[in-house]
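# Close look at the chain arrangement
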Amino acid sequence: IAVLSTGWSVYRTGDWPGFALNFGTEMAGAIVTYLLLEIVIGTRQKKDLLISQLTSKSTDISINAIEEIIRNDWHRDGSLNSLNLYKINLPGVDINNVSFENSDLRKGNFQNSSLRNANLSWVALQVSNLMGADLSFSDFSNASLEDAVLIGARIRLANLTETQMNKANLQNADLQDSCLQDADLHDADLRGVNLKNVNLQGAILINAIYNNKTIFPDGFNPIGAGMVEVEKPEDLMYFA
């Protein structure tokens with residue numbers, strides 16, 4: 001197009017200096033456009049590759065991928081939202097401020113990872129391993145954590161409003177000052193859990209188990225909420 005347009009112009013006018021100027025300008029613009037497209041397309045392909053590596057069975061590959069994603073700040077710009085990341089494998093990593101909103105993270109491995117101030121609303125985390133993870137200040141509203149393992153997890157000042165946590169294992173987890181309003185924790189294991197100052201308004205706790213190490217909010221009645229106290233291993237086996 002550049003050649004034809006400028007060639008026709010010089011044929012009619014004989015203005016060779018003008019031809020050189022116009023042709024050079026148009027070609028320079030074409031080259032810049034081409035390079036920009038290469039950068040954009042190349043960046044998108046690189047991002048897609050790294051995201052696909054997050055579910056690798058090789059922990060080295062998945063961790064290297066998330067580290068590169070973090071270096072490019074893609075972990076919190078929405079690039080990881082609404083994705084299928086089934087069996088995501090990120091143990092022992094620091095991914096604070098990450099956004100996985102509305103993504104499928106079922107059977108994911110986040111053991112001993114730090115996901116502070118993370119956006120995990122509407123996330124599917126069923127049967128995931130979050131043992132020892134730091135999830136403080138994170139938003140789990142409307143997330144699904146059925147059968148998830150959260151043993152020893154730190155979940156302080158987190159938003160767990162309307163979160164599905166039935167049958168989740170929360171032994172010795174620290175949920176102090178978090179909001180569990182309208183959350184579903186039926187059949188959950190709350191032995192040794194710190195629920196100090198937690199908002200349990202409307203929470204479903206039927207058949208959730210606790211022991212003498214469980215710390216409840218002031219004035220809360222676990223028996224009235226349908227919870228079951230177990231003190232000894234034989235009590236737990238009988239209840240099971």
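Residues numbered from 1 in each chain as written. Predicted model: local features only at pLDDT ≥ 70, side-chain atom pairs only at ≥ 80, totals over all residues. Heavy atoms only, no water.

## So, the overall build of the chain
The number of helices and strands found in the chain is four helices and two strands. Along the chain direction, N to C, the helices and strands of the chain fall in the order α-α-α-β-β-α. A burial count over the chain gives 41% of its 240 residues as buried. Sequence separation of 24 or more characterises 11% of the internal contacts of the chain that already satisfy a separation of 6 or more. As displayed, the chain has an accessible area near 12,700 Å², and 53% of this comes from carbon and sulfur atoms. (Helix = DSSP H or I, 4+ residues; strand = E, 2+ residues; numbered from the N terminus. Buried < 20%, exposed > 50% of the residue type's maximum accessible area, 1.4 Å probe, protein only. Contact = heavy atoms within 4.5 Å. Areas by Shrake-Rupley, 256 points an atom, 1.4 Å probe, with all protein chains shown as cover.)

## Examining the side chain of S141
Looking at the secondary structure, you find S141 in the loop between helix 3 (59–71) and strand 1 (209–210). Dropping the residues within four chain positions of it, S141 is found in contact with S121, W122, N159, T161 and T163.

## A look at the confidence of the model for the chain
In low-pLDDT regions, the fine details of the predicted coordinates are not to be read closely. Taken as a whole, the chain shows an average pLDDT of 89; of its residues, 79% reach a score of 70 or greater. Within the chain, helix 4 (residues 233–239) has the poorest average pLDDT of any element, 55, and strand 1 the best, 98. (pLDDT = per-residue confidence, 0-100.)

## A short note on unusual backbone geometry
Non-glycine residue D73 carries a positive phi angle of around 65°. Relative to the helices and strands, D73 is located in the loop between helix 3 and strand 1.

## A word on helix 3
When the terminal C-alpha atoms of helix 3 are compared, their 18 Å separation across 13 residues agrees well with the 18 Å that a helix rising 1.5 Å per residue should span. Turning to helix 3, its buried residues number three or more, namely S62, I63, A65, I66, E68 and I69. Positive backbone phi, at 65°, marks D73, one or two positions downstream of helix 3. (Expected span 1.5 Å × (residues − 1).)

## Some details on the packing of aromatic side chains
Enumeration over the complete set of coordinates arrives at three aromatic pairs. Relative to F216, the ring of Y210 has its centre 5.3 Å away and its plane inclined at 80°; by these criteria the two rings are edge-to-face. Of the two residues, Y210 and F216, both sit in the buried class. Here the aromatic cluster, defined as three or more aromatic residues joined through ring pairs, consists of Y210, F216 and F220. (Phe/Tyr/Trp six-rings, centres within 6.5 Å; stacked < 30°, edge-to-face > 60°.)

## Topic: the pattern of salt bridges
Counting across every chain of the model gives eight salt bridges. For R71, the salt bridge goes to E68, with nearest N and O atoms at 2.7 Å. Of this pair, R71 and E68 are both found in helix 3, three residues apart, which corresponds to roughly one turn of the helix. A relative accessible area of 59% means that R71 is categorised as exposed. E68 sits in the buried class, given a relative accessible area of 18%. (Salt bridge = Lys/Arg side-chain N within 4 Å of Asp/Glu carboxyl O.)

## What about the environment of A183?
With respect to the helices, strands and loops of the structure, A183 is situated in the loop between helix 3 and strand 1. The class for A183 is buried, based on a relative accessible area of 0%. For A183 and L200, which are 17 residues apart along the polypeptide, the C-alpha to C-alpha distance reads 7.8 Å. The contact partners of A183, leaving out residues within four places of it in the chain, are L160, E162, T163, G202, A203 and I204.

## Observations regarding the nonpolar core
Core analysis: the largest hydrophobic core is formed by 55 residues, its most contacted members being F100, F110, L150, L170, L175 and L180. In terms of residues, this core owes the most to one element, helix 3, which gives four residues. Beyond its immediate sequence surroundings of up to four residues, F100 is in contact with L80, N81, L85, I88, I95, L105, F110, L115, N119, L120 and V123. (Core = buried A, V, L, I, M, F, W, Y, C linked by side-chain atoms within 4.5 Å.)

## Describing the side chain of T163
Looking at where T163 falls in the secondary structure, it is placed in the loop between helix 3 and strand 1. The buried category is assigned to T163, whose relative accessible area is 0%. Other than its neighbours up to four places away in sequence, T163 contacts F140, S141, N142, A143, L145, A183 and D184.

## Quick word on the environment of A158
With respect to the element layout, A158 can be found in the loop between helix 3 and strand 1. Look at A158 and you get buried, because its relative accessible area is 4%. With residues up to four places along the chain from it excluded, the contact list for A158 reads L135, F137, S138, S178 and C179.

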